Amino acid sequence: MNSGHSKDYSYLDRIRIQEGADKCRAALAETFRRDTRHAAALLSDDRLTFPCLYILRGQMEGLRIQGYLNPRHMLALQIANQIRGSEASGVDYLSSGREAVYSALKWIWETGCAEEVAEDDYEQILDVAASVLINTYRDRDILPPAAELIFKRNRNGRYIHDLVWALFQVHDPRVLKLIAERVRSSEPKDAALAAELLNMEETGVPADEGNKEGRYAGYLRWLEENEPYLYFTQESFQYAGRPAFCAVDLERKYLQKGVPSYDKQPVSATDEDADESLAAFKRLSAGEQKTLSEYSQKIHGKSVPAWREWLRAPVGEQIRAAKAGWEGDK
Amino acid sequence: MIVIAGSPFQIAGISGGYPENSVERQLLEQMSQSAEVYRYDTVEQLEFELALRREIVDAAKALNRSGLEFAVFHKSECNQEYWDRTSNGGFRLKSGAKPADAIRDIFTNGRKYATECATAMVIVYYGALLEVFSEETFNRLFPSIYLMNWHELDPLLREVGMPRRVADILLGDRCYFRNPEVDPKTPELQGENVIVLPGGLYYGHGIGITDADQIIRILNANRKEGATQSAYFMEDTAARPDFKRLEEASRSRAARPAVLSWDPFPPPLPRRRIRV
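Residues numbered from 1 in each chain as written. Chains lettered and ligands numbered in written order. Predicted model: local features only at pLDDT ≥ 70, side-chain atom pairs only at ≥ 80, totals over all residues. Heavy atoms only, no water.

1. A closer look at the overall build of chain B
A count of helical and extended segments in chain B gives eight helices and 15 strands. The C-alpha radius of gyration computed for chain B amounts to 19 Å, which stays within 12% of the reference 19 Å derived for 276 residues, consistent with globular compactness. Taking the principal axes of its C-alpha atoms as reference, chain B extends roughly 60 × 45 × 30 Å. Put simply, chain B has 276 residues, and 57% of those count as buried. Taking the contacts inside chain B whose residues are at least 6 apart along the sequence as the reference set, 67% of them involve residues at least 24 apart. About 11,800 Å² of surface is accessible on chain B, with carbon and sulfur atoms providing 48% of the total. Measuring between centres, the 34 positive side-chain charges of chain B sit 3 Å from its 38 negative side-chain charges. (Helix = DSSP H or I, 4+ residues; strand = E, 2+ residues; numbered from the N terminus. Rg over C-alpha atoms; globule rule 2.2 N^0.38 Å. Buried < 20%, exposed > 50% of the residue type's maximum accessible area, 1.4 Å probe, protein only. Contact = heavy atoms within 4.5 Å. Areas by Shrake-Rupley, 256 points an atom, 1.4 Å probe, with all protein chains shown as cover. Lys, Arg positive; Asp, Glu negative; His and termini not counted. Charge placed at Lys NZ, Arg CZ, Asp CG, Glu CD.)

2. Quick word on the sheet that holds strand β13 (residues 208-211) of chain B
Hydrogen bonds along the backbone pair up the strands of a sheet, which may run parallel or antiparallel. Residue and element names in this part refer to chain B. The antiparallel open sheet is built from five strands, whose spatial order is β13-β12-β11-β10-β14. Two strands bound the open sheet, and with one partner strand each, they are β13 and β14 (232-233). Pairing geometry for strand β10 (residues 174-178) and β14, over two bridges, is antiparallel. Its bridge partner lying in β14, Arg178 is registered against Tyr232. Across the sheet, helix α5 (residues 117-132) touches β10, β11 (191-197) and β12 (201-204), and the angle it forms with β11 is around 25°. (Pairing = 2+ DSSP bridges. Axes fitted to C-alpha atoms, helices over the stretch in contact; angles between N-to-C directions.)

3. Regarding the interface of chain B and chain A
The interface is formed by 33 residues belonging to chain B together with 35 residues belonging to chain A. The largest share of the area that chain B buries against chain A comes from His74, Pro184 and Lys185 of chain B, three residues that together contribute 28% of it. Where chain B packs against chain A, one counts three salt bridges. A salt bridge links Asp121 of chain A to Lys75 of chain B, with the nearest nitrogen and oxygen atoms 3.1 Å apart. The tally of links from chain B across to chain A stands at 18 residue pairs in polar contact (both at pLDDT 80 or more). The set of elements that each furnish at least two residues to the side of chain B that touches chain A consists of α5, β10 and β11 of chain B. (Buried area = accessible area lost by both parts, 1.4 Å probe. Salt bridge = Lys/Arg side-chain N within 4 Å of Asp/Glu carboxyl O. Polar contact = N/O pair within 3.5 Å; in protein donor to acceptor, adjacent residues only side chain to side chain.)

4. Brief notes about the packing of aromatic side chains
This structure, assessed with the given rule, holds 23 aromatic pairs over all chains. Put simply, the rings of Phe168, Phe232, Phe237, Phe245 and Tyr262 of chain A pair up and form one aromatic cluster. When the ring centre of Trp150 of chain B is taken as origin, the NZ or CZ atom of Arg174 of chain B, which lies over that ring, is 3.8 Å away. A cation sits over an aromatic face here: Arg178 of chain B above Tyr239 of chain A, 5.3 Å from the ring centre. (Phe/Tyr/Trp six-rings, centres within 6.5 Å; stacked < 30°, edge-to-face > 60°. Lys NZ or Arg CZ within 6 Å of the ring centre and 35° of its normal.)

5. Re the nonpolar core
Judged by nonpolar contacts, the single largest core of 165 residues is most densely connected at Ile79 of chain A together with Leu46, Trp83, Phe138 and Phe142 of chain B. The biggest single contributor to this core is α5 of chain B, with 12 residues. Leave out the neighbours within four places in its chain, and Phe138 of chain B touches Pro99, Ala100, Ile103, Tyr126, Leu129, Leu130, Phe133 and Ile145 of chain B. Ranked by size, the runner-up nonpolar core spans 18 residues in total, among them Tyr254, Ala280, Leu311 and Ala322 of chain A. (Core = buried A, V, L, I, M, F, W, Y, C linked by side-chain atoms within 4.5 Å.)

6. Regarding a negative patch on the surface
On the surface, Asp271, Glu272, Asp275 and Glu276 of chain A cluster together into a patch of negative charge. The residue Asp271 of chain A is located in the loop between α15 (250-255) and α16 (272-282) in this model. (Patch = residues over 30% accessible without salt bridge, like charges linked within 9 Å, V, L, I, M, F, W, Y side chains within 5 Å.)

7. Considering unusual backbone geometry
The backbone phi angle of Arg64 of chain A is positive, close to 55°, even though this residue is not glycine. Note that Arg64 of chain A resides in the loop between α5 (57-63) and α6 (71-84). A positive phi is found at Ala5 of chain B, a non-glycine position, where the angle reads about 50°. Along the polypeptide, Ala5 of chain B turns up in the loop between β1 (2-4) and β2 (7-8).

8. Quick word on the environment of Phe70 of chain B
Note on placement: Phe70 of chain B falls in strand β4 (residues 69-70). C-alpha separation for the pair Phe70 of chain B and Asp105 of chain B, spaced 35 residues apart in sequence, amounts to 17 Å.

9. Quick word on the sheet that holds strand β8 (residues 146-147) of chain B
All names here are of chain B. Strand order in the open sheet formed by three strands is β5-β6-β8, and the pairing between neighbours is antiparallel. Edge positions in the sheet fall to β5 (83-85) and β8, since each has one partner strand and no second. Judged from the three bridges that link them, β5 and strand β6 (residues 91-93) form a sheet pairing that is antiparallel. By the bridge assignment, Asp84 is partnered in β6 with Arg92.

10. A short note on the packing of helix α7 (residues 99-112) of chain A against helix α8 (residues 120-135) of chain A
Residue and element names in this part refer to chain A. Their axes nearest at 9 Å, the elements α7 and α8 cross at an angle of 125°. Between α7 and α8, the interaxial angle falls into the category oblique. Crossing handedness for the pair α7 and α8: left-handed. Facing α7, whose interface residues are Tyr102, Leu105, Lys106, Ile108, Trp109 and Gly112, α8 presents Tyr122, Ile125, Leu126, Ala129, Ala130, Val132 and Leu133. Along the lines of polarity and charge, the residues of the contact of α7 with α8 split into 11 nonpolar, one polar and one charged. (Parallel < 35°, antiparallel > 145°, perpendicular 65-115°, else oblique. Left-handed = near helix turned anticlockwise from the far one by under 90°. Nonpolar A, V, L, I, M, F, W, Y, C, P; charged D, E, K, R; others polar.)

Put into structure tokens, the structure is as follows:
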């Protein structure tokens with residue numbers, strides 16, 4: 001948040017930004033003491049941000065003025081309290097899928113992620129807001145700021161695992177492209193995290209520290225080549241230390257049968273010959289499967305009739321042809 | 001099938017040394033009857049794995065009794081006498097604290113700690129190693145400990161964060177129940193890490209010691225509205241420590257295990273303390 005744009009902020013936000021949270025709380029208390037209606041108006045100001053509401057929550061409870069909040073801010077406060085575990089009513093404000101809930105969550109997210117309060121409760125509220133916006137409301141607009149927040153938190157050593165999980169729940173390669181942008185970051189922590197999240201070791205893109213742009217371009221080429229066969233695995237940091245968030249379905253790549261959903265779906269061959277080939281392919285080692293699927297992609301791109309002929313050959317011959325083909329390229 | 005130094009191994013030679021129905025006996029029987037080949041260089045390697053698996057099972061039960069609370073990383077807690085809570089919710093061994101004392105404190109003062117299921121698994125492994133190694137060896141091998149799910153695992157334990165396809169699920173394995181349609185409000189219930197215990201039971205932190213049906217019921221009760229897909233046990237994957245490397249490390253006098261330093265002399269006689 002830039003204080004140079006302070007004219008866009010509410011009165012309470014301006015004090016918070018310029019003088020700090022304590023002064024902001026004091027200003028609210030003083031205003032309330034002198035003019036309750038005015039205090040209520042300050043809290044219902046449409047320009048108020050979630051960080052301001054968050055730091056004033058204790059003050060509002062103490063002064064018992066939550067009832068003066070406008071509906072959006074009231075609901076946002078209830079949602080925040082529910083996530084923090086301090087909502088005693090037992091009402092699930094997040095479950096209904098109502099438009100008002102979406103509006104409150106979107107406000108929490110949009111005004112909240114621009115300047116995070118480095119507190120666990122605050123971060124948890126944003127994590128859950130992002131998760132519900134992505135999973136329940138299918139909001140894709142929050143993907144870029146969510147990716148940005150992950151890298152920002154990572155630079156500061158803050159918790160990112162739930163936000164990463166929420167981002168990959170989208171099952172959309174746009175997420176990979178957003179992360180790939182950070183491969184070329186001048187900040188080493190960004191580049192390292194991006195490489196980890198993209199599982200770049202598996203893509204075969206050389207890890208040339210001195211050529212970040214080349215690495216980025218190499219990843220995009222890999223993504224373009226493999227996107228038709230890409231699926232999201234549901235792995236997460238809760239499951240593994242180095243989760244593979246997405247992977248290439250080598251059987252589909254081998255048969256050149258893409259799928260638009262980015263979920264793992266069983267593949268079947270189109271004719272008897274290919275069916276035999278697929279059965280044999282499944283028995284190969286992971287390395288051989290990778291070699292064959294990459295070669296399949298290569299010759300399919302050059303000549304579909306030649307690819308069909310290659311696919312009808314016994315798998316042993318396919319491997320020999322693939323090795324000879326790659327050697328020929330060298 | 002168990003193969004030692006390239007030859008099939010008859011378990012009768014050592015199984016009598018373990019009580020009936022013990023974890024070790026069950027492991028020996030399952031491994032020897034499996035179509036999978038379990039290879040070891042020496043009988044001692046096999047015995048070490050049996051002992052460590054038994055201790056993993058016991059440590060899981062002990063941690064369940066410890067009073068360790070469940071909390072998401074944003075709300076994690078630790079005893080600051082031994083640990084510093086990091087800004088991402090992990091626990092880092094306090095400077096000057098003895099690793100063995102710090103790990104033991106989690107088991108004895110569990111109520112002073114709160115974390116989620118994956119970190120609890122790592123604590124189980126450290127607790128088990130503390131029983132298998134002497135305290136001196138443990139402190140030497142793990143001079144700095146960081147507890148935060150599978151993040152920044154000690155090189156000697158990195159495999160526990162790497163689930164792999166396995167032919168058999170064995171006692172002491174770390175397995176996973178996945179909840180593919182979890183409620184987005186509770187991402188911590190996207191799955192449950194568990195330690196496999198005897199009698200068809202599992203230890204999962206936050207859920208306790210129970211069977212697969214109950215774990216699936218709990219996860220299913222925390223799915224998103226309209227969910228149709230049930231939580232399930234991932235029955236063909238498990239994570240296991242590299243038992244052989246740990247066994248080798250226990251024999252090394254170096255500050256770090258032999259895999260990280262070269263010792264030009266024959267290794268000393270085993271100094272590990274295995275309760276059999």
